[in-house]
Each structure stands twice: as C-alpha cells, then as structure tokens.
Amino acid sequence: MDLLNTAPDSAAADLIKEGSEATFMADVVETSQEVPVIVDFWAPWCGPCKTLGPMLEEAVTAAKGAVKMVKINVDEAQMIASQMRIQSIPTVYAFFKGQPVDGFQGALPGSEIKAFVDRVIEAAGGESPGGQLDEAVAAAEEMLAEGVASDAAQTFAAILGEDPNHAGAYGGLVRAHIAADDLEQAEAILNGAPAEISNTPELEAAHAQLELAKQAADAGPVAELTAAVEADPDNHQARFDLAQALHANGDVEEAVAQLLDLFRRDREWNDGAAKAQLFTIFDALKPNDPIVLNGRRKLSSMIFA
C-alpha cells in the first residue's frame, strides 16, 4: 500500500543531478521556478559530505518529484561557491523561484534532513511525504478511537512501510494490538522498535499502555477491593490493587485519586510503587489531558510540601 502520490517514472530520472557553473542557471535558477531545488555544496576531500550527500539523496528520492537536488563540487565551481559565500562544507541551500529560501551548514542526522526536505516542499506550496504520512497517522488514530483496531493496525503498518522510523505510526501499531487484546504481539512489536525512535514519547506512551493492559488482565474485583480499603484505610496493598482495578474498568480519574491518597499516606511503600504507577498512567495519556495536568500538580504539591 503506497500512501504517497507517486510522480511519473520519467520525472524520477532527473531528480538528482551533478551540477556545474555552466549548468547552474538551468539546473537551479530556472528549474526552481517550478519546483524547489536543493543544492548540496560538497568536495571529494570533505568527510561529512560523504555521509550527508546520500542521506539528502534518499530524502529527495522519497519525495517523488516534489523537490529536486543538484550537487555542486566547490573545487570545480569556485565562482558559484564565492557568489553563494560558502564558508565551509557541507553547505546546503534550497532554492525556489530562483532565490534561496532555506539552508544549513554541516552534517545533520537523518531525521533533521527529512524535516528540512519536508519544510522546503511545504514552503513551496507542495505536500511533503512527512505531511502526507502524518495525515495517514491521524486517519488511523480515528479508526482506533472508533474501535476498528484491525483497520488501524493495517494503516499504521502501511505507513511504516513508507517510513520505518515513524514514531507516531510505530506507537500506533503497538496500541492497535493492545486494543485488539493481542498483548503478546504488541510487546513483540515494541521490543523490535528501531533504536532511533525507541525513546520517543510515542513509544514511551505505548509502553506505558502495554504495562497497564497487562495489569488489567490480573485486576481484582472493584467492589471487594473498595470494601477492603473502607474497612482498613491503611491497607496499602488493597488501595494499590483497587487503583489497578479502577483503571482496568476505565475509571482513570478515580484510579489516580486512589494512588495520590496512597502516596500521601506512605510515599515509600513498596519502593515508591504509588508514584511509579502514577507516572505509568500519566505516560499512557496525552500530556495535556486534564487528568495528567491535575494529577501531576497534586503529586508535585505533595512532593515539595
């Protein structure tokens, strides 16, 4: 499944060119009247250029015609380098309508290069691959919210086929399997996450949701645990178990309230289990969720009281 609009094969052949002083006007200035052109100023002796160049080419190729690229060897194009005031290499400029519109110096990680290419395309009024994938992620999230986990999982998987390091799609795929109650597969997917995105908020949230889903499978009956806590308010284990049972039943706000009460009574109980469980719940929710904002505020007031 290809989520992106593909350019005609004939257009793909001239996406990336070796430029020169003789062809600069045609390859860059004139071509950029229609489509943005990224110019990579490099030299054979430049170590970082050997890393940056291929990554730029990969990002430009992935854009499938929305942007083009010209490589300029500064040793052979010293007049252009002087006119562009190239102080060091690699230096990258993006041109649109004959004018530089963006640029950077030095090597960048792959994610920042992709973001740069997306930014250039969007500045020229085009639709970037990253933007299209984000729209697809939003559509998959809607499917997940509507309870169609299998369709959401297929869409997230298709997005990862386009960009294996898309953290939003990766976290979404894990959460789709959690929603389908396939916790074993969710954990396997999470454990196989690329190192580049393993610590992103999207994957941390998916990890927290997986932990809560595992707990829910072993959660006790709310009524019995509530009775146990009412009979002995200092029964910390019963209160902790009640919080897990409440969360499993969808009463997240009351689960947080019980954990805050437990923390207030004995913050060190079971190696700080109440605080750790609160953070797991907070991580599983969106940062701006009122339950998170209110819960963090109350926890902070107790910690720093």
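Caption draft 1: Molecular detail of the layout of surface pockets. Approximately 620 Å³ is the volume attributed to the second largest pocket. In terms of lining residues, the second largest pocket is bounded by 23 residues, among which Glu202, Ala205, Leu285, Lys286 and Pro287 are the most central. Of all the elements in the fold, those that place two or more residues in the lining of the second largest pocket are α6 (129-145), α8 (167-179), α10 (201-217), α14 (269-284) and α15 (290-303). Of the residues in the lining of the second largest pocket, the class split is 9 nonpolar, 6 polar and 8 charged.

Caption draft 2: Region of the structure containing the sheet that holds strand β4 (residues 91-96). Read from one edge to the other, the open sheet built from 5 strands follows the order β1-β3-β2-β4-β5, with strand pairing classed as mixed. The sheet is open, and its two edges are formed by β1 (16-18) and β5 (99-105), each paired on a single side. Strand after strand, the sheet turns through a mean of 20° between neighbouring axes, direction not considered. Bridging between β4 and β5 involves 6 bridges; their strand directions are antiparallel. Within the sheet, the bridge partner assigned to Ala94 lies in β5 and is Asp102. Its contacts with the sheet place helix α5 (residues 110-123) against β2 (37-42), β4 and β5, and it is angled at close to 170° to β5.

Caption draft 3: Molecular detail of α10. For α10, built from 17 residues, the straight-helix expectation of 24 Å at 1.5 Å per residue is met to within 8% by its first-to-last C-alpha distance of 25 Å. Within α10 the residues assigned to the buried category are Leu203, Ala205, Ala206, Ala208, Leu210, Leu212, Ala213 and Gln215. The secondary structure elements touched by the buried residues of α10 are α8, α9 (183-191), α12 (236-248) and α14.

Caption draft 4: Summary view of the packing of aromatic side chains. Applying the stated criterion to the full structure yields 5 aromatic pairs. Here Phe279 and Phe282 contribute two aromatic rings whose centre-to-centre distance is 6.4 Å and whose plane-to-plane angle is 65°, an arrangement assigned as edge-to-face. Here Phe282 and Phe279 lie together in helix α14, a separation of 3 residues that amounts to about one turn.

Caption draft 5: Focus on the pattern of salt bridges. For the structure shown, the criterion picks out 13 salt bridges. The closest approach of N and O atoms between Glu211 and Lys214, which form a salt bridge, is 3.8 Å. Of this pair, Glu211 and Lys214 are both found in helix α10, 3 residues apart, which corresponds to roughly one turn of the helix. The exposure class assigned to Glu211 is partly exposed, which follows from its relative accessible area of 27%. Owing to a relative accessible area of 29%, Lys214 belongs among the partly exposed residues under this scheme. The partner of Arg296 in a salt bridge is Asp283, with the nearest N and O atoms 3.9 Å apart.

Conventions we followed
- Residues numbered from 1 in each chain as written.
- Predicted model: local features only at pLDDT ≥ 70, side-chain atom pairs only at ≥ 80, totals over all residues.
- Heavy atoms only, no water.
- 1 Å grid on protein atoms, 1.4 Å probe; cavity = no way out; pocket = protein on both sides within 12 Å on 5 of 7 lines; lining within 4 Å.
- Points joined across faces, edges and corners; volume = space filled by probe spheres on them.
- Helix = DSSP H or I, 4+ residues; strand = E, 2+ residues; numbered from the N terminus.
- Nonpolar A, V, L, I, M, F, W, Y, C, P; charged D, E, K, R; others polar.
- Pairing = 2+ DSSP bridges.
- Axes fitted to C-alpha atoms, helices over the stretch in contact; angles between N-to-C directions.
- Contact = heavy atoms within 4.5 Å.
- Expected span 1.5 Å × (residues − 1).
- Buried < 20%, exposed > 50% of the residue type's maximum accessible area, 1.4 Å probe, protein only.
- Phe/Tyr/Trp six-rings, centres within 6.5 Å; stacked < 30°, edge-to-face > 60°.
- Salt bridge = Lys/Arg side-chain N within 4 Å of Asp/Glu carboxyl O.

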